[in-house]
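# Commentary on secondary and tertiary structure
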Amino acid sequence: MITQNIEFALELLQKNEIVAIPTETVYGLAGNAYSEIAIQKIFEAKKRPTYDPLIVHTYSLENAKDFVTYIPDIFYELAKIFSPGALTFLLPKKKIIPDIVTSNLKTVAVRIPNHALTLSLLQKLDFPLAAPSANPFGYISPTTAQHVENQLGDKIPLILDGGAAEIGVESTIIGEKNGQITIFRYGGISKEDLEAWTGQTIHAQISNSNPTAPGQLESHYAPKKKLYLLKKNQINIQEKEIEIKNIGVFPIDKVGFLGFNEWLVNLPIKNQILLAENGDLKLAAQKLFAAMRELDTKDIEIIITLGVPSQHLGMAINDRLQRASFYKD
Ligand code: TXA
Ligand code: MG
């Protein structure tokens, strides 16, 4: 059920039921982070393997002291600027967080989402909310309540509708060692912004295997149709066909194109979506997952994309496209 009834959401969460919640990045599937029963329900609804740990949401970094043993000064500094927001902090956990939440890791991922409905929910509860993105494991993350309803509607009692996600890609995950920040997942707060505010050169450690390095499975965010992240010179367009080097030849109307600010061909070809005609990466991030979902419903064989410029939010967008395009067959 899609609703704005926050009281009902509270009631369900207090009974260790799970509820989809809006955030500024993507919708989350939330449950009491202190309750193994609630956490089990999250893993089951998503069909998520238990080696992939969850993010725990609360209303302020200070409040995370309830369930983490230590918060470095530089995180407090960053929180002044970016919290609430699309930044997730890796911190040493207290025992009150069940091991299943963190897949037995000693750190817990903590995020303060920047969404009024969800912040007020968090303030009214006396426990934090564990919430992965509210999609079946491996599929595209949801940026609207309807996206959640389409795939998990029959598995969860309530979807709290907070409108379309403003940022559209997940949070940036960071860790700290000796005052130095490392990015473990590119997301809604850019590396450039973090560097500008910390004065540090920040390195990223993006891994493809779980679980010790923060949660980055190779194949993820993937539509059901095969998606190919290509270079322009791999594509050869003929009148009625598109040839893709090393992949095959496809009728032009069976190919979906996910573009950034330029059409693949300036012809009225049906299945092309431009993320941001004006070249704005923020707009592109906002539209990314909805556009992938839309192309996934079309009568096409494959989706092709050239990615976006690798800077600012483009790093997160390209990361998601890279993972969406990973196939092992
Ligand atoms: O924007 C977001 O972060 C959204 C919204 C709902 O808050 N949540 C989200 O959760 O993207 P999820 O579960 O789809 O992705 C969380 C990632 C996982 O890939 C997981 O492996 C990683 O965070 N993660 C969680 N806890 C971790 C930990 N203790 N150490 C390393 N990585 C962790
Ligand atoms: Mg996810």
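Note that the structure is predicted; figures quoted are calculated from it, not measured.

## What about the domain arrangement of the protein chain?
Per the domain assignment, the segments of the protein chain are domain 1 (2-204) and domain 2 (226-324). One C-alpha centre belongs to domain 1, the other to domain 2, and the line joining them spans 29 Å. Across the contact, 22 residues belong to domain 1 and 15 residues belong to domain 2. Taken over both partners, the interface formed by domain 1 and domain 2 buries close to 1,600 Å², and the fraction arising from carbon and sulfur atoms is 58%. Per-residue buried area on domain 1 facing domain 2 is highest for Ile140, Val169 and Tyr186; these three make up 36% of the total on that side. On the surface where domain 1 and domain 2 come into contact, there are 1 salt bridge. Close ionic contact of Glu170 with Arg320 constitutes a salt bridge, the shortest N to O distance being 2.8 Å. Connecting domain 1 to domain 2 are 8 residue pairs in polar contact (both at pLDDT 80 or more).

## Quick word on the environment of Ala45
Among the secondary structure elements, Ala45 is positioned in helix α2 (residues 36-46). Distance from Ala45 to Ile74, taken between C-alpha atoms, is 36 Å for residues 29 residues apart in sequence. Setting aside its immediate chain neighbours within four residues, Ala45 contacts Ile18, Leu29, Leu152 and Lys155.

## Here's the deal with the sheet that holds strand β16 (residues 255-259)
On the basis of which strands lie adjacent, the open sheet formed by 4 strands has the order β12-β18-β16-β17 and parallel pairing. Edge positions in the open sheet fall to β12 (226-229) and β17 (272-274), since each of these has one partner strand only. Sheet twist, expressed as the average angle between the axes of neighbouring strands with direction ignored, equals 20 degrees. When β16 meets β17, the two strands line up parallel, connected through 3 bridges. If you follow Gly259 over to β17, its bridge partner there is Leu274. In the packing of helix α7 (residues 281-296) onto the sheet, contacts are made with β12, β16, β17 and β18 (302-305), and the angle to β16 comes to roughly 175 degrees. In the packing of helix α8 (residues 313-324) onto the sheet, the strands contacted are β12, β16 and β18, and the crossing angle to β12 comes to about 130 degrees.

## Side note on the side chain of Arg185
Take Arg185: it is sitting in strand β10 (residues 180-185). No salt bridge is formed by the buried Arg185. Its closest oppositely charged neighbour is Glu170, at 5.2 Å. A distance of 3.0 Å separates the side chain of Arg185 from the backbone oxygen of Ser171, its partner in a polar contact.

## Side note on the pattern of salt bridges
If the charged atoms of two oppositely charged side chains come close together, the side chains can form a pair. Summed over all chains, the structure comprises 13 salt bridges. Across the pair Lys80 and Glu77 runs a salt bridge whose closest N-O atoms are separated by 3.2 Å. Highlighted residues: Lys80 and Glu77, both in helix α3 (residues 73-82), separated by 3 residues, approximately one helical turn. What makes Lys80 exposed here is its relative accessible area of 63%. With a relative accessible area of 44%, Glu77 lands in the partly exposed category. A single network of salt bridges, built from pairs that share partners, joins Glu170, Asp319, Arg320 and Arg323.

## Side note on the packing of aromatic side chains
Aromatic ring pairs: the centre-centre distance and the angle between the two ring planes describe each pair. On inspection of all chains with the given rule, the structure shows 2 aromatic pairs. Between Phe75 and Phe89, the ring centres sit 4.9 Å apart and the planes meet at 55 degrees, which makes this aromatic pair tilted. On the criterion of sequence distance, the pair formed by Phe75 in helix α3 and Phe89 in strand β5 (residues 87-92) is long-range, its members being 14 residues apart. For Phe89, a relative accessible area of 0% translates into the label buried. Ring geometry for Phe82 and Trp197: centres 6.5 Å apart, planes at 85 degrees, overall edge-to-face. With Phe82 in helix α3 and Trp197 in helix α6 (residues 191-198), the pair connects residues that are 115 residues apart, well separated along the chain. The ring of Tyr139 carries the charged tip of Lys224 above its face, separated from the ring centre by 4.6 Å.

Basis of the calculations
Residues numbered from 1 in each chain as written. Chains lettered and ligands numbered in written order. Predicted model: local features only at pLDDT ≥ 70, side-chain atom pairs only at ≥ 80, totals over all residues. Heavy atoms only, no water. Domains from an automatic or database assignment. Contact = heavy atoms within 4.5 Å. Buried area = accessible area lost by both parts, 1.4 Å probe. Salt bridge = Lys/Arg side-chain N within 4 Å of Asp/Glu carboxyl O. Polar contact = N/O pair within 3.5 Å; in protein donor to acceptor, adjacent residues only side chain to side chain. Helix = DSSP H or I, 4+ residues; strand = E, 2+ residues; numbered from the N terminus. Pairing = 2+ DSSP bridges. Axes fitted to C-alpha atoms, helices over the stretch in contact; angles between N-to-C directions. Buried < 20%, exposed > 50% of the residue type's maximum accessible area, 1.4 Å probe, protein only. Lys, Arg positive; Asp, Glu negative; His and termini not counted. Phe/Tyr/Trp six-rings, centres within 6.5 Å; stacked < 30°, edge-to-face > 60°. Lys NZ or Arg CZ within 6 Å of the ring centre and 35° of its normal.

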